[in-house]
Amino acid sequence: MKTRIFCIMTLCAGLLVGCDKEEEEYEPVKPPVEQPETPEEPEKPTVPPSTDDIINFKIGDTDMIVGTNTWNGIAYGNERYAVVGDSGYVNSSVDGVTWETPKAIAGANDWLSVAFGKGKFVAIDWYAPCNVMTSTDGINWTKQSNKLPHIDNRHYNAIRFCNGIFIAVSVAQISTSTNGITWTRRWQNSYVYDPQDITYGDGKYVTGVGGGYVLTSSDGITWAMKQHQCLLHLWNSIW
């Protein structure tokens, strides 16, 4: 009798262990969950590369790009950088790193500044008679027969393409052009006022002329000058 009870107890214990083992090994199957598709990023607008770090590279006290010339101005357009410098030299690059061999434009002084607009580069030189040259690719340049208007051999300081027109600022004078070739003087004054640069924003052209005075224009033709006390101790550049 004892043997029979022992066998029944052993059998029951085995069944219990087997059941526990099956419960431990059983894992429920998880239903598949669809993952949402990652949205495509919108295309970023094309932004012209910055030229700030190229012209400002220095060796000693001299602005350098390639060669031994001093480079004064740089602009980007038609997928190419173009630079202009002293002794009539120009150069170009497609990436701002590897540059062509510099070449001089005959009959020029020191090219001071360059701007790009309406499919072309336009550069101006430093001294009277204030030469102008143009290029569509930054490589082949044409020296124009038309000069920038000038008074008493006053030199120009910068050329910019702003709001659809080329505009050049000089010692006590401002000139504009719709094509970079034919120029018209729009403002002139005494030697006291010397705009160094010019910019456009909020519907107006703005340039500082020293002494706390600022010149503004809505069309680049008619200019108004006003003194601002907060600018009395600032130089006459504006960016």
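The following paragraphs examine the structure supplied in this document. (Residues numbered from 1 in each chain as written. Predicted model: local features only at pLDDT ≥ 70, side-chain atom pairs only at ≥ 80, totals over all residues. Heavy atoms only, no water.)

Overview of the sheet that holds strand E17 (residues 213-217)
Argument step 1. An order of E15-E16-E17-E18 is seen for the four strands of this open sheet, with the pairing classed as antiparallel. Every other strand in the sheet has two partners, leaving strand E15 (199-201) and strand E18 (224-227) as the edge strands with one partner each. The sheet shows a mean angle of 30 degrees between the axes of neighbouring strands, direction not considered.
Argument step 2. Of the strand pairs in this sheet, E17 and E18 are connected by four bridges, and their pairing is antiparallel. Counted as the bridge partner of Val 214 is Lys 226 from E18. (Pairing = 2+ DSSP bridges. Helix = DSSP H or I, 4+ residues; strand = E, 2+ residues; numbered from the N terminus. Axes fitted to C-alpha atoms, helices over the stretch in contact; angles between N-to-C directions.)

Quick notes on unusual backbone geometry
Argument step 1. With a phi angle near 65 degrees, Ala 172 is a residue other than glycine that sits in the positive phi range.
Argument step 2. Within the secondary structure layout, Ala 172 lies in the loop between strand E12 (165-170) and strand E13 (173-177).
Argument step 3. Taking the relative accessible area as the measure of exposure, Ala 172 reaches 0% and is therefore buried.
Argument step 4. If you check the backbone angles, Asp 202 has positive phi at about 55 degrees while not being a glycine.
Argument step 5. Within the secondary structure, Asp 202 sits in the loop between E15 and strand E16 (204-210).
Argument step 6. For Asp 202, a relative accessible area of 78% corresponds to the exposed category. (Buried < 20%, exposed > 50% of the residue type's maximum accessible area, 1.4 Å probe, protein only.)

None of the figures reported here should be taken as evidence of function without further support.
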